[in-house]
Amino acid sequence: MTEASQRVAVVTGAARGIGAGTARRLAADGHAVAVLDLKDGDCAATVDAITEAGGQAFAVGADVSDPDQVQAAVDKVAEALGPIAVLVNNAGVIRDNMLFKMTVDDWDTVLGVHLRGAFLMSKACQKYMVDQRFGRIVNLSSSSALGNRGQVNYSAAKAGMQGFTKTLAIELGQFGITANAVAPGFIATDMTAATAARIGIGFEDFQKAAAQNIPVRRVGQPEDVAHVISFLVSDGAGFVSGQVIYVAGGPLS
Ligand code: NAP
């Protein structure tokens, strides 16, 4: 990697799971990475892993659905690391339930973190990207965007992320900024472990059952998603924009 492609990247929800894997990967690629999660203390493990491997990381706490916290966090990152060039909108929550049992709070929380969060973070970061005439935004969608029982809130949010991404690509392309979405299938993280616990199945058995329905016969790992994000934020991916890439071990319909 050349010196010119070392950038300042922000990864939201990076205390664990896919966000932590992505932050570690982008740091290994040479980027200075802001590890953002609800509380800066929660980011310590990710930051330590990056710095121990010789990379540069900065912990920052913010609720991505809160406009004031987002602005304060983005200001802090720019002051600590420099102008932001890469944003990965990864923070996420699930509040699964069948429609007839889903509360308004379950709906608002999920839409708030995923869609409002991605909107607020992208709005705050794009100014630095426009100034640099370079930017990379990657949004986490999901295979659930295609519909998933018990996830009317999450499916709506993840389908919304795809439309959001395409519109960012159209509006920001003229400034050298690309926007793409990755849509993972089953990835082994605390989120899928929580789903297994909620339906009363051991996580190992849950993964084995899921793997049987995946063409490559295994569930995904955070590194599988991080690898695709690493490509999408690279300098060489500048002609790829407004795309949704499913990272699911096979095609989805
Ligand atoms: P995870 O292990 O639950 O990690 C999500 C992270 O986001 C947590 O550290 C969480 O913090 C943080 N977060 C939640 N709300 C936040 C907020 N308001 N502001 C800032 N940070 C917040 O989840 P994951 O499995 O890695 O998922 C990462 C992304 O991939 C999500 O967008 C998810 O929807 C998407 N995805 C996951 C899968 C999968 O199979 N795992 C599949 C498709 C898409 P707390 O721990 O404090 O809540």
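The rules we used
Residues numbered from 1 in each chain as written. Predicted model: local features only at pLDDT ≥ 70, side-chain atom pairs only at ≥ 80, totals over all residues. Heavy atoms only, no water. Near = heavy atom within 4 Å. Polar contact = N/O pair within 3.5 Å; in protein donor to acceptor, adjacent residues only side chain to side chain. Areas by Shrake-Rupley, 256 points an atom, 1.4 Å probe, with all protein chains shown as cover. Helix = DSSP H or I, 4+ residues; strand = E, 2+ residues; numbered from the N terminus. Nonpolar A, V, L, I, M, F, W, Y, C, P; charged D, E, K, R; others polar. Expected span 1.5 Å × (residues − 1). Buried < 20%, exposed > 50% of the residue type's maximum accessible area, 1.4 Å probe, protein only. Contact = heavy atoms within 4.5 Å. Axes fitted to C-alpha atoms, helices over the stretch in contact; angles between N-to-C directions. Left-handed = near helix turned anticlockwise from the far one by under 90°. Core = buried A, V, L, I, M, F, W, Y, C linked by side-chain atoms within 4.5 Å. Domains from an automatic or database assignment. Salt bridge = Lys/Arg side-chain N within 4 Å of Asp/Glu carboxyl O.

Q: So what's going on with the site of the ligand? Residues and values would help.
A: For the ligand, the set of nearby residues contains 29 residues, the closest of which are Arg-16, Asp-37, Asn-90, Tyr-154 and Thr-189. Between the ligand and Asp-63, the relevant distance is 2.8 Å, taken from a nitrogen atom to a side-chain nitrogen or oxygen of the residue. When the ligand sits alone it has 900 Å² of accessible area, and the protein chains cover 91% of it. Elements that contribute at least two residues to the shell around the ligand include exactly α1 (17-28), α4 (104-132), α5 (152-172) and α6 (190-198). Examining the composition of the shell around the ligand, we find that three residues originate from one element, α6, more than from any other. Its residues assigned to classes, the shell around the ligand shows 14 nonpolar, ten polar and five charged.

Q: So, α5: which residues are in play, and what are the values?
A: For α5, spanning 21 residues, the distance from its first C-alpha to its last is 30 Å, which sits close to the expected 30 Å at 1.5 Å a residue. Among all positions in α5, only Asn-153, Tyr-154, Ser-155, Ala-157, Lys-158, Met-161, Gln-162, Phe-164, Thr-165, Leu-168, Ala-169 and Leu-172 are buried. Contacts made by the buried residues of α5 are with β4 (84-89), α4, β5 (135-140), β6 (177-184), α6 and β7 (244-247).

Q: If you had to explain unusual backbone geometry to someone new, which residues and values would you point to?
A: Phi is positive for Arg-133, which is not a glycine, with a value near 55 degrees. Structurally, the position occupied by Arg-133 is in the loop between α4 and β5. The class for Arg-133 is exposed, based on a relative accessible area of 51%. The phi torsion at Arg-217 lies on the positive side, around 60 degrees, for a residue other than glycine. Inspection of the secondary structure assignment puts Arg-217 in the loop between α7 (203-212) and α8 (222-232). For Arg-217, a relative accessible area of 57% corresponds to the exposed category.

Q: Could you give me a rundown of the packing of helix α3 (residues 67-81) against α4, with the residues and numbers involved?
A: Between α3 and α4, whose axes approach to 10 Å, the crossing angle comes to 35 degrees. Crossing handedness for the pair α3 and α4: right-handed. In this structure, α3 contributes Pro-67, Val-70, Gln-71, Val-74, Asp-75 and Ala-78 to the contact, and α4 contributes Arg-116, Leu-120, Met-121, Ala-124, Cys-125 and Tyr-128. Counted by class, the contact of α3 with α4 contains nine nonpolar, one polar and two charged residues.

Q: Just give me the short version of the nonpolar core, but keep the residues and values in it.
A: Val-10, Leu-36, Val-74, Val-77, Ile-84, Met-121 and Ile-137 are the most contacted members of the largest nonpolar core, which has 34 residues in total. If near-sequence neighbours (up to four positions away) are discounted, Val-74 is found in contact with Ile-84, Met-121, Ala-124, Cys-125 and Tyr-128. Residues Ala-9, Val-225, Leu-232 and Val-247 belong to the second largest nonpolar core, which totals 27 residues.

Q: Give me the lowdown on the domain arrangement of the chain, citing residues and values where you can.
A: Each assigned domain of the chain is listed here: domain 1 (8-185 + 221-246) and domain 2 (189-219). Measuring from the centre of the C-alpha atoms in domain 1 to the corresponding centre in domain 2 gives 24 Å. Residue-level contacts link eleven residues of domain 1 with seven residues of domain 2. The tally of links between domain 1 and domain 2 comes to three salt bridges. The residue Arg-16 makes a salt bridge to Asp-190 at a minimum N-O spacing of 2.8 Å. Viewed at the interface, domain 2 and domain 1 are joined by three residue pairs in polar contact (both at pLDDT 80 or more). Mapped by element, the contributors of at least two residues to the side of domain 1 that touches domain 2 are α1 and α8.

Q: Report on the pattern of salt bridges, specifying residues and quantitative values.
A: All told, the structure shown has six salt bridges when counted by the stated rule. Between Arg-25 and Asp-29 there is a salt bridge, and its shortest N-O distance comes to 3.1 Å. Among the residues examined, Arg-25 registers a relative accessible area of 26% and is labelled partly exposed.

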